[in-house]
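Examination of the molecular architecture
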Amino acid sequence: MKSITSIFCFLAMLVFAKAQTVSTLVPFNVGDDLHYGIDGYIYSSHYGEGFFRKIDPESGSVDTILAITDATIGAIEVDDSLKIFTSSYDNGWIGYFREGDTTITHLVEGFSGPAGITHGSDGILYVANNQNARIIRIQPNGQFDIFTLGNPLFWPTGITIDPDNNLYVASLFNGQIIKITPNRQMSVLGNLPAILDNNEDVAYLTWASGKLYICHFGRHTIYEMDAETGDFHILAGTGQPGNADGPALEATFERPTGIAASPTGDTLYVTDGVAPNQRLRRIVLQGPNAAVAPTPALNVLKLRANPVGDHLVAEITLNAFSSPIYSIVDVGGKIWTKQPLLDLPAGKHILELPLSQLPTGSYFLHLNSELGNWVEKFVKT
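Below: a short report on this structure.

Rules and cut-offs
All chains use their own residue numbering, which begins from 1 and follows the written sequence. Since the coordinates come from a predicted model, pLDDT governs what is reported: local features require at least 70, and pairs of side-chain atoms require 80 or more to be given and counted, while whole-chain, interface and lining totals use all residues. Hydrogens are left out, water is left out, and the side-chain values use all remaining heavy atoms of the structure. Side-chain rings of Phe, Tyr and Trp, where Trp is taken by its six-membered ring, are said to pair if the distance between their centres is within 6.5 Å; with planes under 30 degrees apart they count as stacked, over 60 as edge-to-face, and otherwise as tilted. Helix and strand definitions here come from DSSP, where helices need a minimum of 4 consecutive H or I residues and strands a minimum of 2 consecutive E residues; each element is numbered from the N-terminal end. Here's how the labels work: a residue is buried when its accessible area is under 20% of the maximum for its type, exposed when over 50%, partly exposed in between, all with a 1.4 Å probe on protein chains only. Charge over a ring is defined by NZ of Lys or CZ of Arg lying within 6 Å of the ring centre and within 35 degrees of the ring normal. Nonpolar cores were defined as sets of buried Ala, Val, Leu, Ile, Met, Phe, Trp, Tyr and Cys residues, with membership established by side-chain atoms within 4.5 Å. Only heavy atoms enter the contact rule, under which two residues are in contact if any of them lie within 4.5 Å. Following DSSP output, two strands are said to pair if at least two bridges run between them. The angle between two axes is taken between their N-to-C directions and runs from 0 to 180 degrees, where each axis is a line fitted to C-alpha atoms and a helix contributes only its stretch in contact.

**Regarding the packing of aromatic side chains**
One pass over the structure, following the stated rule, counts nine aromatic pairs. An angle of 45 degrees between the planes, with centres 5.9 Å apart, marks the rings of Tyr 36 and Tyr 269 as tilted. Separated by 233 residues along the polypeptide, Tyr 36 in strand 4 (residues 34-36) and Tyr 269 in strand 26 (residues 267-272) bring together distant segments of the chain. By the burial criterion, Tyr 36 is buried, and Tyr 269 matches it. Cluster of aromatic residues (ring-pair linked, three or more members): Trp 336, Tyr 363 and Phe 378. Lying over the aromatic face of Tyr 41, Lys 54 brings its terminal NZ or CZ to 4.4 Å of the ring centre. The aromatic ring of Trp 336 is capped on one face by Lys 334, whose charged end is 4.0 Å from the ring centroid.

**Points about the side chain of His 119**
For His 119, the location among the structural elements is in strand 12 (residues 114-119). His 119 sits in the buried class, given a relative accessible area of 14%.

**Thoughts on the nonpolar core**
Core analysis: the largest hydrophobic core is formed by 20 residues, its most contacted members being Leu 312, Ile 328, Leu 365 and Phe 378. Elements represented by at least two residues in this core include exactly strand 29 (300-303), strand 30 (311-318), strand 31 (325-330), strand 33 (347-354), strand 34 (361-369) and strand 35 (372-380). Residues in contact with Ile 328, not counting those within four places in the same chain, are Lys 334, Ile 335, Trp 336, Thr 337, Leu 355, Leu 358, Tyr 363, Phe 364, Leu 365 and Phe 378. With 18 residues, the next largest nonpolar core counts Cys 215, Ile 222, Ala 236 and Ala 248 among its residues.

**Some thoughts on the environment of Cys 215**
Within the secondary structure, Cys 215 sits in strand 21 (residues 211-216). Considered as a pair, Cys 215 and Ile 259 are 44 residues apart in the sequence and their alpha carbons are 7.0 Å apart. Contacts of Cys 215, omitting those with residues within four sequence positions, involve Asp 201, Val 202, Ala 203, Tyr 204, Thr 221, Ile 222, Pro 256, Thr 257, Gly 258, Ile 259 and Val 270.

**A short note on the sheet that holds strand 4**
Taken in spatial order, the four strands line up as 4-5-6-7 in an open sheet, and their pairing is antiparallel. Of all strands in the sheet, those with a lone pairing partner are strand 4 and strand 7 (62-67), marking the two edges. Shown here is a sheet whose adjacent strand axes are inclined to one another by a mean of 20 degrees, direction ignored.

**Regarding the sheet that holds strand 18 (residues 176-180)**
Strands in a sheet are paired, the pairing made by backbone hydrogen bonds, and the direction either parallel or antiparallel. Spatially, the four strands line up as an open sheet ordered 16-17-18-19, and their pairing is antiparallel. Only two strands of the sheet have a single partner each, and these edge strands are strand 16 (156-161) and strand 19 (186-191). Here the average twist between neighbouring strands, direction ignored, is 25 degrees.

**Describing unusual backbone geometry**
Apart from glycine, the bulk of residues carry a negative phi angle, and the bulk of peptide bonds sit in the trans form. The omega torsion of the bond from Asn 151 to Pro 152 falls at 10 degrees, within 30 degrees of zero and hence cis. Of note, Pro 152 is situated in the loop between strand 15 (144-149) and strand 16. Cis geometry is found at the peptide bond from Asn 306 to Pro 307, where omega equals 10 degrees. Positive phi, normally seen in glycine, also occurs at Asn 165, with a value near 65 degrees. Looking at the element boundaries, Asn 165 is found in the loop between strand 16 and strand 17 (167-171). Judged by its relative accessible area of 22%, Asn 165 is partly exposed. Although it is not a glycine, Arg 255 adopts a positive phi angle of roughly 50 degrees.

Next up, the structure:
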């Protein structure tokens, strides 16, 4: 057996990452989306309930600052003047209010599924309009236009922005993270694991210190992605639903949805749990209260036999929860099989892959996951 791509050859090496721990700040009734305001408070919107909350990130105290009858509220965004923006997903409007107001002023109306909202340093709003795959740009005076639309946008939901006004958009159903430059150039920055079964996969995301932090709703995990290269890994969560606190890779989340970063970028805040009783979780990335958690050692892929007949038996060792995708490609580049291996826990797994439909010849087995990428060559007889 000869390895074609020896990307990772040291199973036992431990690379120590930033210190990471998870704790529960508020145990229930928080909401869905989050924004960390310039005044030092966390603001949340509450889809299905019509509530807006203001949360002290130190004490965990929660105040309801507005309650309305429209129970289809989407995201929340707070600008530097503490104007609070939100949207009605089902009723198609985007509006704003300030703490102390009793109603929301509609800024624009008539959209199909306005979801995530973000704003640049110039005060311009960007809204992910997911039902018709477009990003709407709204000027401070309420004038708007379509900033980008179409491929590769697909059910864009979460949206965030960096100091250079690059947008990052999370696709709800296929796991793609799209980067949009100020001159409207779109590209796929990264592709998180997705089931592709019309169930929600990726929710909201936030930018902090050159990294993207992304809630994987369907995988019960938080991902960290490099905003330049698109490299990503699981930051927190085991992949199994739960509410256990502790070291980040041992803690559990349940359908994490909203996420916000502290201004210093050393702490994340995440909503998770079943509506309307979502919790507020805190992930400490750095500091004296954090416990060092090693980045998981990477996968090892081996073939049990080579050449093979109608079945290929491969052995994969995972040192963290993962949902790798395997594909079989011939030497001409044709993809014969591509399938996800869903929700595999850490440990050793034996894969028995049927090959009866393949002609005799040489092929490559590709394995792709958030833990790495591997290729092994085999011969079908």
